[in-house]
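# Structural characterization, general
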Protein chains: 2
Amino acid sequence: MADSTQAPFVPRDMGGHKVPDNSPALDYPTPIEPLVELPDQPRLSAADQARTIVAGDSVCVLASLTDDGSPWASVIQYAVLEDGSPVFSLSKLALHGRNLAADPRASIALAAPVPEGQDQGDSGRVTLAGRVEEPGGDERAAAKRAYFDAIPWSETYTDFADFTLYVLRIEKIRWVGGFGRMNSTTPEQYKNAEIDPTAASANHAVKHMNDDHADALLSMARAFSGHSDATSAVVLRADRYGMDLALETPRGRTPGRVTFLERVEDNNGGLRKATVDLTKAAREALSEA
Amino acid sequence: MADSTQAPFVPRDMGGHKVPDNSPALDYPTPIEPLVELPDQPRLSAADQARTIVAGDSVCVLASLTDDGSPWASVIQYAVLEDGSPVFSLSKLALHGRNLAADPRASIALAAPVPEGQDQGDSGRVTLAGRVEEPGGDERAAAKRAYFDAIPWSETYTDFADFTLYVLRIEKIRWVGGFGRMNSTTPEQYKNAEIDPTAASANHAVKHMNDDHADALLSMARAFSGHSDATSAVVLRADRYGMDLALETPRGRTPGRVTFLERVEDNNGGLRKATVDLTKAAREALSEA
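Being a predicted model, the structure only gives us computed values, none of them experimental.

A few words on the overall build of chain A. For chain A, the count of helices and strands is 7 helices and 13 strands. Out of the 289 residues belonging to chain A, those deemed buried represent 54%. Summarising the internal contacts of chain A: among those between residues at least 6 apart in sequence, 65% fall at separations of at least 24.

Below is the structure:
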């Protein structure tokens, strides 16, 4: 669900600290006031972001507890049920399998892929924490199906006696979007969140726009980001609602955002159409100005 | 250090189970006896593998304990000291920072990149577990230097009062190389292990060999893997000592390994030279046969 109340993109404001303006390592500037006041811009909610990151991968790290209560991190493969619950199958011959058999408390974390050329530290990442449970009945059938679909070779071992199929019952969720973009969300919000269908192609689109369409980005930024004096625009992230930009203006550097004319509903050229439509609208708006 | 006593590559023998031979999902066959007996083949030790995976990345997942002793997984960035100890800097404004301030027990895990087109489940991965400690004196200076080198923008926040620089004192290490390849190692072995200098280019070399040099691979397999009747060879993994192969023979499919003439000492064309030299030696050996 779109969340227009979420704090705006403030990449250099990390944990309450203002990052020094003379830091050469950060390309991400402190936001400056737009020249034109903008309406609330729709964005993915923290729950949408978390669902989207979890849906986009099949490898994560599990944190479990060893017999003396120490934390144990291990790389695992997982699948996802329709309500966003992670499913995995672990052997009791492995330490993490013994850990969960003895104490069901568990947490998983993973990071979203970062667009090429951008800082690994500025990636979306998510933590889910709760308790694992062996699913029964219909849910067990659905969990096996999801797991076999995501990890085809798992069919060869999941039914072995030492393997246990687990569903993580989520109690806590934490999403971090990168520098200064973070939010908790609730299991209920996560369950009802929408996966962004553009996530699989967004990083490719970001690279393509930056490589080949700097002029279109600048038009969109001037027309719709509120920074009508922008002199250059780089896209940092794209999602179904719009794009986060890094802008140069005569008043300094600033992050900005442009919103697509319509929310993108598919991953079949949807982002491409949205950027083409917004570029056209931007050029019309600028020629009328 | 090379470890010629390590269990040979047995990819379909998972956790004591023989994977059914009719599994269409696994390309990795059960090993069959070579036609020619081979001397022990040098391999990376589990400690070398672990050091190499840790050295090859700067993003991992940390497992820490929340105030009620539950596990909490979170994506973090890290650097590595000369002895292989991970270093990271966490804010007490973040849950993982509060967790470690209250209980120093910690574990990290990460996976190595998988060669293009190969199964994510067959990647190398490593777990390090122990306790975090704030380094002092010379070690603190070295830890800061390593952290800033690995994560340049961290200079902007690491000295903020709420950030703590930690070194993970390693007590337990677990390396898993993929299906059926796994081993524990000791902190002492890990500390003295050697990073494989070819790791950064190995996946590229694997793809290149499979795409363009199937004939050379087959020659190497016939001459040096012990399966002189091989009819096709695909490389799964390359390291400084040699290559793991998947072979077709009239007797069935099998994994195999070929050893380079010399251990590769650098990442500057070293793997390329090693495969060219081994191809030449293979063709000479086959023409004499």
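Moving on, we come to the packing of aromatic side chains. Residues and elements named next belong to chain A. Applying the stated criterion across every chain, the model contains 2 aromatic pairs over all chains. Between F88 and Y166, the aromatic rings sit 6.5 Å apart at their centres with planes inclined by 55 degrees, giving tilted as the arrangement. Of the two residues, F88 is situated in strand 6 (residues 86–91) and Y166 in strand 9 (residues 163–178); the sequence distance between them amounts to 78 residues. Both residues of the pair, F88 and Y166, belong to the buried class. The ring of Y190 has R51 lying over it, and the distance from NZ or CZ to the ring centre is 5.5 Å.

Below, the discussion takes up the environment of D229 of chain A. Residue and element names in this part refer to chain A. Its location among the elements puts D229 in the loop between helix 6 (214–224) and strand 11 (232–238). In this structure the C-alpha to C-alpha distance between D229 and L218, which are 11 residues apart in sequence, comes to 9.7 Å. The residues touching D229, leaving out its near neighbours within four places in the chain, are L35, E248, T249, P250 and R251. Polar side-chain contacts of D229 include one of 2.7 Å to the side chain of R251.

Our next topic: the sheet that holds strand 13 (residues 252–259) of chain A. Residues and elements named next belong to chain A. Taken in spatial order, the 3 strands line up as 11-12-13 in an open sheet, and their pairing is antiparallel. The sheet is open, and its two borders are formed by strand 11 and strand 13, each paired with just one other strand. Taken over all neighbouring pairs, the strand axes of this sheet differ in orientation by 25 degrees on average, direction set aside. As paired strands, strand 11 and strand 12 (residues 242–249) are joined by 6 bridges and run antiparallel to one another. Following the sheet pairing, A233 is matched in strand 12 by L247.

A word on the pairing of strand 12 of chain A. All names here are of chain A. In terms of residue burial, strand 12 counts as a mostly covered element, since 7 of its 8 residues are buried. Hairpin geometry of strand 11 and strand 12 is characterised by an intervening segment of 3 residues between the two adjacent antiparallel strands. Sheet topology places strand 12 next to strand 13; 8 bridges connect them, and they run antiparallel. Bridge assignment links E248 to a residue of strand 13, and that residue is R253. The hairpin formed by strand 12 and strand 13 contains 2 residues between the paired strands.

Residue and element names in this part refer to chain B. Relative to the helices and strands, H227 resides in the loop between helix 6 (214–224) and strand 11 (232–238). Counting along the chain gives 193 residues from H227 to P34, while the straight-line C-alpha distance between them is 5.1 Å. Leaving out residues up to four positions away in the same chain, H227 has contacts with I32, E33, P34, A221, R222, L247, T249, R251, T254 and P255. One polar contact links H227 to R251, side chain to side chain, over a distance of 3.0 Å.

To continue, consider the sheet that holds strand 13 (residues 252–259) of chain B. Residues and elements named next belong to chain B. The 3 strands are arranged 11-12-13 in an open sheet whose pairing can be described as antiparallel. Both edges of this open sheet fall to strand 11 and strand 13, since each of them pairs with a single strand only. Strand-to-strand twist across the sheet, computed as the mean angle between neighbouring axes with direction ignored, equals 25 degrees.

All names here are of chain B. Among the secondary structure elements, S89 is positioned in strand 6 (residues 86–91). Accessibility expressed as a relative area gives 5% for S89, which makes it buried. Put simply, S89 and S154 are 65 residues apart on the chain and 8.4 Å apart in space, counted from C-alpha to C-alpha.

Here we take up the pairing of strand 7 (residues 105–111) of chain A. Residues and elements named next belong to chain A. Most of strand 7 is tucked away, with 6 of its 7 residues classed as buried. Across 3 bridges, the pairing between strand 3 (residues 59–65) and strand 7 is antiparallel. Paired with L62 across the bridge in strand 7 is I108. Where strand 7 lies against strand 8 (residues 125–133), 7 bridges are found, and the strand directions are antiparallel. Bridge pairing in strand 8 places S107 opposite A129.

This brings us to the pattern of salt bridges. Where charged atoms from two side chains of opposite charge approach closely, those side chains can pair. Residues and elements named next belong to chain A. Tallying each qualifying case throughout the model produces 32 salt bridges over all chains. Residues D229 and R251 are paired through a salt bridge, measuring 2.7 Å at the closest nitrogen-oxygen approach. One end of the pair, D229, is in the loop between helix 6 and strand 11; the other, R251, is in the loop between strand 12 and strand 13, and 22 residues separate them in sequence. Looking at R251, the relative accessible area reads 34%, which means it is partly exposed. Between E265 and R263 there is a salt bridge whose closest N-O contact spans 2.9 Å. The structure contains a network of salt bridges with shared partners spanning R43, R237, D239, D244 and R257.

Residue and element names in this part refer to chain A. Buried within helix 2 (residues 95–102) we find H96, G97, N99 and L100. Viewed end-on, helix 2 has its buried residues packed into an arc of 160 degrees, placing them on one side of the element. Contacts made by the buried residues of helix 2 are with strand 3, strand 4 (71–77), strand 6, strand 7, strand 8 and strand 9.

It is worth spelling out the side chain of D48 of chain B at this point. Residue and element names in this part refer to chain B. Within the secondary structure layout, D48 lies in helix 1 (residues 46–55). Buried and unpaired, D48 has no salt bridge, with R240 as the nearest side chain of opposite charge at 6.4 Å. Looking at D48, its side chain comes within polar contact range of the main-chain nitrogen of E194, at 2.9 Å.

Let's shift gears to the packing of helix 5 (residues 199–212) of chain A against helix 6 of chain A. All names here are of chain A. Across the interface, helix 5 lies against helix 6 with an axial gap of 5 Å and an inter-helix angle of 100 degrees. Taken as axis vectors, helix 5 and helix 6 run roughly perpendicular relative to one another. Across the interface between the two elements, M209, N210 and D212 of helix 5 pack against A214, D215, L217 and M220 of helix 6.

What follows is about the state of the cysteines. In a disulfide, the sulfur atoms of two cysteines are covalently bonded to one another. Overall, the coordinates contain 0 disulfides over all chains when judged by the stated rule. Of all cysteine sulfurs, the one in C60 of chain B lies closest to C60 of chain A, which takes part in no disulfide; the gap is 14 Å. For C60 of chain A, a relative accessible area of 3% gives the class buried.

Residue and element names in this part refer to chain B. Note that T254 resides in strand 13. Under the relative-accessibility criterion, T254 is labelled buried at 0%. At a separation of 3.0 Å, a polar atom in the side chain of T254 contacts the main-chain amide nitrogen of I32.

Definitions and limits used
- Residues numbered from 1 in each chain as written.
- Chains lettered and ligands numbered in written order.
- Predicted model: local features only at pLDDT ≥ 70, side-chain atom pairs only at ≥ 80, totals over all residues.
- Heavy atoms only, no water.
- Helix = DSSP H or I, 4+ residues; strand = E, 2+ residues; numbered from the N terminus.
- Buried < 20%, exposed > 50% of the residue type's maximum accessible area, 1.4 Å probe, protein only.
- Contact = heavy atoms within 4.5 Å.
- Phe/Tyr/Trp six-rings, centres within 6.5 Å; stacked < 30°, edge-to-face > 60°.
- Lys NZ or Arg CZ within 6 Å of the ring centre and 35° of its normal.
- Polar contact = N/O pair within 3.5 Å; in protein donor to acceptor, adjacent residues only side chain to side chain.
- Pairing = 2+ DSSP bridges.
- Axes fitted to C-alpha atoms, helices over the stretch in contact; angles between N-to-C directions.
- Salt bridge = Lys/Arg side-chain N within 4 Å of Asp/Glu carboxyl O.
- Arc of directions from axis to C-beta.
- Lys, Arg positive; Asp, Glu negative; His and termini not counted.
- Parallel < 35°, antiparallel > 145°, perpendicular 65-115°, else oblique.
- Disulfide = S-S within 2.5 Å.

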